[in-house]
Amino acid sequence: MTGGEQDRSTRPVFGMPESFEVVASSAPEALAGIASVVCVPTFRRPDMLEATLRSLANQTGGHDFAVIVVENEGVERAGATRASALHAAGLFKGFVIVEPRQGNCKAYNAAWRCALTRFPALEQVLGIDDDEEAEPGWLDAFVTAARATPAELFGGSVTAVFADPSRAWLSAHPVFRSHYNISGPVPMLYSSANYLIRRSVLDRLGFPFLDESFDFTGGGDTDFFTRAKAAGFRFWWVQEAAQRETMPERRSTFDWINARGLRNGAISAAIERRQNPGPFGRLKVLVKSLALLAASVPRGLVLGLRTRSGLIGLYHGQVAIGRLMSEFGVANEQYRKPEKN
């Protein structure tokens, strides 16, 4: 069976009770024919979540779609409260659910499971974070590409919008740039910040879709895409499926950017160790990390000169050091406190 084929025998088996609670829902008859479901994880950002949901309500193209908001804070539930009010006011149709077990991967797993089990006509899930806003043509660009191309996983552009305009030059930094900028086939995706995934991918890879050991380090999405690639699925970039991401002032500090570079390195090494098990595989990953550290000096000089920034030029070295730190079990858990991420 190829990556694009659907086979009921390969659909996820949910051998455990649902971990989430449904706190708001549309009537089943209003959702029966929905093919596209947009998943929105949220954690203690009700105002930003509302901006995200309003951007979805302003989509053009005439596509019928639903939204699943998954609240990942199980005590105060500020996002669920705000989303439920907007749902009751008719801003969107779909579900508001609460996944009380904190963790980025747990939230995505809950949202995708809800989509698979509540939408009988589901063809694809899409995603946007609660600190992002979709451009009006976002959904139409994704759906049009999905109808016209043979790929199963699609990614779109995300433009960083800095709360401090004087830091806008940081948009050239790799931690703030999208991996691609031209529409068309790509080797792989790396981020779940902006995506469309066909149902066949979830059916084939099975539940839990994201490995929850990545909950607080990040990287569960990269691991998922890596497994999808190994399973034969294809990837496509849709530059026109554009989002804007709000960057608060803390994300323009050296400490945050440095931590993100170290984290990216640790994630890449962890995933490579999974692909190369055993002592020889671990040695192979270590050798690569050391080679990247040596290469980070000339690569950093080139990047720094091209961007005219010493801070940006440090990135390749930070990634290499993060990879080596992970060899000793040091993990940067930037998502342990999502409200500070």
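What counts and what doesn't
- Residues numbered from 1 in each chain as written.
- Predicted model: local features only at pLDDT ≥ 70, side-chain atom pairs only at ≥ 80, totals over all residues.
- Heavy atoms only, no water.
- Buried < 20%, exposed > 50% of the residue type's maximum accessible area, 1.4 Å probe, protein only.
- Helix = DSSP H or I, 4+ residues; strand = E, 2+ residues; numbered from the N terminus.
- Pairing = 2+ DSSP bridges.
- Right-handed = clockwise from strand over helix to strand, strands pointing away.
- Core = buried A, V, L, I, M, F, W, Y, C linked by side-chain atoms within 4.5 Å.
- Contact = heavy atoms within 4.5 Å.
- pLDDT = per-residue confidence, 0-100.

A.B. asks: How would you sum up the pairing of strand β3 (residues 65-71)? Please name residues and give values.
C.D. replies: Within a regular strand, side chains alternate between the sheet's two faces. The buried count for β3 comes to seven of seven residues, which makes it a mostly enclosed element. Where strand β2 (residues 36-42) lies against β3, seven bridges are found, and the strand directions are parallel. For T42, the partnering residue across the bridge sits in β3 and is E71. Running through helix α2 (residues 46-57), the crossover from β2 to the neighbouring parallel element β3 is right-handed. After leaving β3, the chain enters helix α3 (residues 78-88) and then returns to the sheet as strand β4 (residues 94-98), a path that is right-handed.

A.B. asks: Tell me about the nonpolar core, and please be specific about residues and values.
C.D. replies: With 44 residues, the main nonpolar core has I68, W112, F119, V125, L153, I197 and F224 as its most contacted residues. In terms of residue count, helix α4 (residues 104-118) provides more of this core than any other element does, nine residues in total. Among all residues touching I197, those that are not within four sequence positions of it are W112, E123, Q124, V125, E152, L153, L202, F224 and F225.

A.B. asks: Mind laying out the confidence of the model for the protein, listing which residues take part and the relevant values?
C.D. replies: The predicted model of the protein averages 93 in pLDDT, with 95% of residues at 70 or higher. Below a pLDDT of 50 lies the segment residues 1-6, which in the model reaches 18 contacts outside its immediate sequence neighbourhood of four places, other chains included.

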